[in-house]
Amino acid sequence: MQSALLVGLKRVDAAQYHGWTGEAGCWGCELDVENIERILQSRSFDVKKLLTAKANADTVLEGLREAVRRLKSGDTFVFYFSGHGGQNPTRTETNSMGRMKRWWPTIAKSSTTN
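In this report, we go over the structure that sits alongside the text. None of the values given here were measured: they were computed from a predicted structure.

### Comments concerning unusual backbone geometry
Part 1 of the argument: Positive phi, normally seen in glycine, also occurs at S44, with a value near 70 degrees.
Part 2 of the argument: Within the secondary structure, S44 sits in the loop between α1 (29–41) and β2 (46–51).

### Things to note about the pairing of β2
Part 1 of the argument: Bridge count for strand β1 (residues 2–8) against β2 is six bridges, and the pairing is parallel. Residue S3 lies in a different strand from β2, and its bridge partner there is D46.

### Digging into the nonpolar core
Nonpolar side chains tend toward joint burial in soluble globular proteins.
Part 1 of the argument: The biggest cluster of nonpolar side chains holds seven residues, and these are L5, V7, L9, V12, L50, A55 and V60.
Part 2 of the argument: L6, V33, L40 and V47 belong to the second-largest nonpolar core, a separate cluster that totals six residues.

### Focus on the pattern of salt bridges
Part 1 of the argument: Summed over all chains, the structure comprises seven salt bridges.
Part 2 of the argument: For D46, the salt bridge goes to R70, with nearest N and O atoms at 3.3 Å. Linking D46 in strand β2 with R70 in helix α2 (residues 57–70), this pair joins segments that are 24 residues apart in sequence.
Part 3 of the argument: On the basis of relative accessibility, which here comes to 35%, the residue R70 falls in the partly exposed class.
Part 4 of the argument: One network of salt bridges, with partners in common, ties together D46, K48, E66 and R70.

### So, α2
Part 1 of the argument: Compared with an ideal rise of 1.5 Å per residue, which puts 14 residues at 20 Å, α2 spans 20 Å between its outermost C-alpha atoms and is within 8% of the ideal.
Part 2 of the argument: Along α2, the residues classified as buried are A57, V60, G63 and A67. In a view along the axis of α2, the buried residues occupy a sector of 135 degrees, so they form one face of it.
Part 3 of the argument: The backbone nitrogen of D58 lies 2.9 Å from a side-chain oxygen of the residue at the head of α2, namely N56.

### Some remarks on α1
Part 1 of the argument: Along its 13 residues, α1 runs 18 Å from first to last C-alpha, staying within 8% of the 18 Å computed at 1.5 Å per residue.
Part 2 of the argument: Restricting attention to buried positions, one finds in α1 the residues C29, E30, V33, E37 and L40. Take α1 and look down its axis: the buried residues cluster within an arc of 95 degrees, on one side only.
Part 3 of the argument: Lining the buried residues of α1 we find β1, β2 and β3 (76–82).

### Quick word on the environment of F79
Part 1 of the argument: Relative to the helices and strands, F79 resides in strand β3.
Part 2 of the argument: Look at F79 and you get partly exposed, because its relative accessible area is 32%.

Parameters and conventions
- Residues numbered from 1 in each chain as written.
- Predicted model: local features only at pLDDT ≥ 70, side-chain atom pairs only at ≥ 80, totals over all residues.
- Heavy atoms only, no water.
- Helix = DSSP H or I, 4+ residues; strand = E, 2+ residues; numbered from the N terminus.
- Pairing = 2+ DSSP bridges.
- Core = buried A, V, L, I, M, F, W, Y, C linked by side-chain atoms within 4.5 Å.
- Buried < 20%, exposed > 50% of the residue type's maximum accessible area, 1.4 Å probe, protein only.
- Salt bridge = Lys/Arg side-chain N within 4 Å of Asp/Glu carboxyl O.
- Expected span 1.5 Å × (residues − 1).
- Arc of directions from axis to C-beta.
- Polar contact = N/O pair within 3.5 Å; in protein donor to acceptor, adjacent residues only side chain to side chain.
- Contact = heavy atoms within 4.5 Å.

See below:
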């Protein structure tokens, strides 16, 4: 089986980011996902797509959990995220700047705590 979870997030909830929506810098994120979807479908991948309106922490985590339940040895799975990211200070050397990279698949806070 070949499957994929594609996430395109062009904005975030301004209430959670002190008025910042992120739209100015990520206007093409949904288009990225549409293009990757066409490429993967042309190669017979079963594609699940989450765009801004449905791309939040809960739906992304559920998509990943669903993939884990379905995947078997020898299967191919693609996770593709186009959206905002950030960096958090860290005490371990994860890169030359001493920061750990992260991505932000959230519009509304997740009910998941772990």
